[in-house]
Amino acid sequence: ANWPEWDRLWAYRSQILEYIKWVVKKNDLSQYIRLGTRVKDCIWNEKSNMWEITCVECEESYEIREDRKERGRKYTLASHYLINASGPLRVPSFPSSIKGIDRLSGETVFQGSSFHSTWWPSASQISMKGKRVGVVGTGASAVQLIPQVAAEAKELTVFQRTPNWIVPKKKLDSEFGPFSKSIKRTPIFGEILMTIQRWMIYWSFEERLRKFYPGHHNDASREELKEHIKSSLGGENADPELVEKLTPKYPPGCKRVLIFSGYFETFLRKNVKLVTAPIREILPNSVKLMKQSSNTSGKKQKDVKGDFITEEKTIPLDVLIFATGFDTMSARDLNITGASGCRMKDWRDNDCETLHGIMSSKFPNMFFLLGPNTGLGHNSVIWMLECQTAYICDLLSQLSSINATRVVPRNSRVAEFMTFVNTELKKKVWVSCSSWYRHAKTKNVFALWPCSTLWYWWTTKSADLNDYDVSSIATAK
């Protein structure tokens with residue numbers, strides 16, 4: 001929905017929340033929403049052809065974490081259809097190769113404040129002032145929080161495993177003043193203006209897809225981003241070793257391209273230190289680095305301040321922040337069991353095959369929003385969500401008209417779709433390095449849609465019942 005009150009193109013968290021509340025109120029959606037409720041189990045009942053959904057009411061401040069005990073009333077719902085809109089990036093991931101931390105819960109032996117970036121405590125619970133802070137990770141969350149923490153902390157140590165390509169946000173962002181907002185509030189004209197603006201933004205990002213093919217456009221993008229790193233660190237006066245450490249070795253787009261301004265400049269601060277040596281162990285009051293005598297080129301490893309890492313080294317800390325991303329499309333926090341007892345966790349760990357990223361033959365009457373192979377590396381996933389929502393509504397309408405009781409995609413159509421997706425993905429830079437885009441077992445890219453979003457819209461603009469095995473009341477008789 002168009003909204004004339006945006007303060008800027010890249011809105012902050014508080015205004016995004018304000019927009020969501022406005023949409024809920026405008027469309028009277030609150031009657032359909034149960035807040036403070038955790039879905040614990042979703043079990044497919046073969047006899048009734050319905051989903052049995054077990055829910056647990058929680059306190060408002062309750063954090064959805066696996067290591068927290070359940071609280072509140074438990075109840076069960078029955079539903080003909082289930083839409084899994086839990087999102088692909090919601091379960092925090094922690095390093096599995098580091099001693100002193102539990103890979104699943106994030107519990108550590110560290111005695112200071114320790115947390116994942118997605119579980120950020122309130123200002124009243126923690127302050128960075130005068131503290132020695134460590135941040136593990138340099139991904140999408142890290143590049144946003146590191147400059148803020150650096151401005152407050154006494155010392156900040158950033159533990160980097162892999163650097164990232166970053167597009168400067170200043171070139172893309174813009175603020176909307178009172179006059180712009182007043183024009184957008186104008187009936188009819190304002191709506192037309194906002195729609196045009198949305199399409200302009202859409203096309204400006206859609207054309208970036210060509211940069212994800214190996215070759216001239218990707219190489220040109222690489223040189224441009226390398227120049228951005230160097231200029232951000234002082235241009236001709238930049239420390240070459242620092243530039244090298246912050247410059248990725250893989251092609252742009254192979255891992256997630258970040259959009260932010262001010263990250264690289266943070267490493268010019270005297271209170272900020274970049275460490276590229278791997279972490280061996282987390283201790284009660286510090287972090288121990290692995291012994292590193294040389295790198296792959298035979299050169300001795302240094303940290304940014306010029307210290308050689310030739311033996312195990314400990315770095316004392318007061319606060320430890322894990323900006324280590326998420327377990328992509330994880331199902332371990334939600335017990336979903338489909339046909340023949342198939343658990344979603346097992347399905348996710350094996351292949352994650354679907355039709356259009358929306359339905360799997362293992363889970364009757366269940367639909368995904370932003371399911372496998374429908375994330376994007378070049379444009380907004382809001383487009384994908386809108387395509388999928390329209391497709392699901394069309395399919396449900398057709399199923400209702402024939403009194404359907406059970407629907408799954410045909411295995412042949414799933415196989416055709418997956419063959420197409422995997423063939424197209426091999427043409428892109430996403431297959432040239434390891435990343436969270438790729439499946440741990442199959443090594444296929446399972447998080448991204450490989451083509452134009454217009455292509456996806458065309459593919460999903462209407463549902464074809466011939467793609468599905470459908471049971472109805474009529475056929476049951």
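Scroll up a little and you will see the structure.
Residues numbered from 1 in each chain as written. Predicted model: local features only at pLDDT ≥ 70, side-chain atom pairs only at ≥ 80, totals over all residues. Heavy atoms only, no water.

Q: It is not clear to me how the overall build of the protein should be interpreted in this structure. Could you clarify?
A: Counting secondary structure elements, the protein contains 11 helices and 18 strands. The C-alpha atoms of the protein give a radius of gyration of 24 Å, which matches the 23 Å a tight globule of 477 residues would have. For the protein, the spread of C-alpha atoms along the three principal axes comes to 80 × 50 × 45 Å. Considering the protein as a whole, with its 477 residues, one finds that 45% of them fall into the buried category. Excluding contacts between residues fewer than 6 apart, the proportion of contacts in the protein whose partners are at least 24 apart in sequence is 69%. Here the protein has roughly 25,000 Å² of accessible surface; of this, 53% comes from carbon and sulfur atoms. Once the 67 positive and 51 negative side-chain charges of the protein are each reduced to a mean point, those two points are 3 Å apart. (Helix = DSSP H or I, 4+ residues; strand = E, 2+ residues; numbered from the N terminus. Rg over C-alpha atoms; globule rule 2.2 N^0.38 Å. Buried < 20%, exposed > 50% of the residue type's maximum accessible area, 1.4 Å probe, protein only. Contact = heavy atoms within 4.5 Å. Areas by Shrake-Rupley, 256 points an atom, 1.4 Å probe, with all protein chains shown as cover. Lys, Arg positive; Asp, Glu negative; His and termini not counted. Charge placed at Lys NZ, Arg CZ, Asp CG, Glu CD.)

Q: I would appreciate a short explanation of the environment of Thr442 in the present structure.
A: Within the secondary structure layout, Thr442 lies in the loop between helix H9 (411-425) and helix H10 (453-460). Exposure remark for Thr442: the relative accessible area of 30% places this residue in the partly exposed category. Look past the residues within four positions of Thr442 in its chain and what remains in contact with it is Asn350 and Asp351.

Q: Just to check I follow, could you spell out the pairing of strand S6 (residues 132-136) for this structure?
A: It is a general feature of regular strands that their side chains alternate between the two faces of the sheet. Within S6, 4 of the 5 residues are buried, leaving the element largely enclosed by the surrounding structure. Pairing of S6 with strand S7 (residues 155-159) involves 5 bridges; the strand directions are parallel. Within the sheet, the bridge partner assigned to Arg132 lies in S7 and is Glu155. After leaving S6, the chain enters helix H2 (residues 140-150) and then returns to the sheet as S7, a path that is right-handed. Bridging between S6 and strand S14 (residues 319-322) involves 4 bridges; their strand directions are parallel. (Pairing = 2+ DSSP bridges. Right-handed = clockwise from strand over helix to strand, strands pointing away.)

Q: Could you clarify how one ought to interpret the environment of Ala11 in this entry?
A: Relative to the elements of secondary structure, Ala11 occurs in the segment before helix H1 (13-26). Along the backbone, Ala11 and Asp469 are 458 residues apart, and their C-alpha atoms lie at a distance of 43 Å. Discounting chain neighbours no more than four positions away, the residues touching Ala11 are Trp6 and Ile16.

Q: Help me out: how do you make sense of the packing of aromatic side chains in this one?
A: A ring pair, where both rings are aromatic, is described by two values, the distance of the centres and the angle of the planes. Tallied over the entire structure, the rule returns 26 aromatic pairs. Measuring from centroid to centroid gives 5.0 Å for Trp449 and Tyr456, while their planes differ by 70°, and the two rings are edge-to-face. On the basis of relative accessibility, which here comes to 0%, the residue Tyr456 falls in the buried class. Of the aromatic side chains, those joined through ring pairs into one cluster are Phe417, Phe420, Trp449, Trp455 and Tyr456. Residue placement shows Lys255 over the ring face of Tyr250; its charged tip is 5.7 Å from the ring centre. Sitting above the plane of the Trp458 ring, Lys461 keeps its charged end 4.5 Å from the centroid. (Phe/Tyr/Trp six-rings, centres within 6.5 Å; stacked < 30°, edge-to-face > 60°. Lys NZ or Arg CZ within 6 Å of the ring centre and 35° of its normal.)

Q: Please explain the sheet that holds strand S2 (residues 50-57) as it appears in this structure.
A: Two pairing modes exist for strands in a sheet, parallel and antiparallel, and in both the strands are linked by backbone hydrogen bonds. In spatial order, the strands read S3-S2-S1-S15; together these 4 strands make up an open sheet with mixed pairing. Since the sheet does not close on itself, it has two edges, and those belong to strand S3 (74-79) and strand S15 (335-337), each with one partner. Taken pair by pair, the neighbouring strands of this sheet meet at an average axis angle of 20°, ignoring direction. As paired elements, strand S1 (residues 37-45) and S15 share 3 bridges and run parallel to each other. When the bridges of S15 are listed, Asp41 appears paired with Asn335. (Axes fitted to C-alpha atoms, helices over the stretch in contact; angles between N-to-C directions.)

Q: How do you make sense of helix H8 (residues 381-401) when you look at a structure like this?
A: Counting along an α-helix, one turn takes 3.6 residues, and residues three or four places apart therefore face a common direction. The first and last C-alpha atoms of H8 sit 30 Å apart over 21 residues, in line with the 30 Å expected at 1.5 Å per residue. For H8, every residue scored as buried is listed here: Trp383, Met384, Cys387, Gln388, Tyr391, Ile392, Leu395 and Leu399. One side of H8 carries all its buried residues, which in axial view fall inside an arc of 160°. Those residues of H8 that are exposed and aimed more than 90 degrees away from the buried face are Ser400 and Ser401. Looking at the buried side of H8, the elements it contacts are strand S4 (82-84), helix H4 (189-206), strand S16 (366-368), strand S17 (404-409), H10 and strand S18 (468-472). Put simply, Ser380 is the residue that caps the front of H8, since its side-chain oxygen is 3.2 Å from the backbone nitrogen of Ile382. Where H8 ends, the next residue or the one after it, Asn403, has phi of about 55°, a positive value. (Expected span 1.5 Å × (residues − 1). Arc of directions from axis to C-beta. Polar contact = N/O pair within 3.5 Å; in protein donor to acceptor, adjacent residues only side chain to side chain.)

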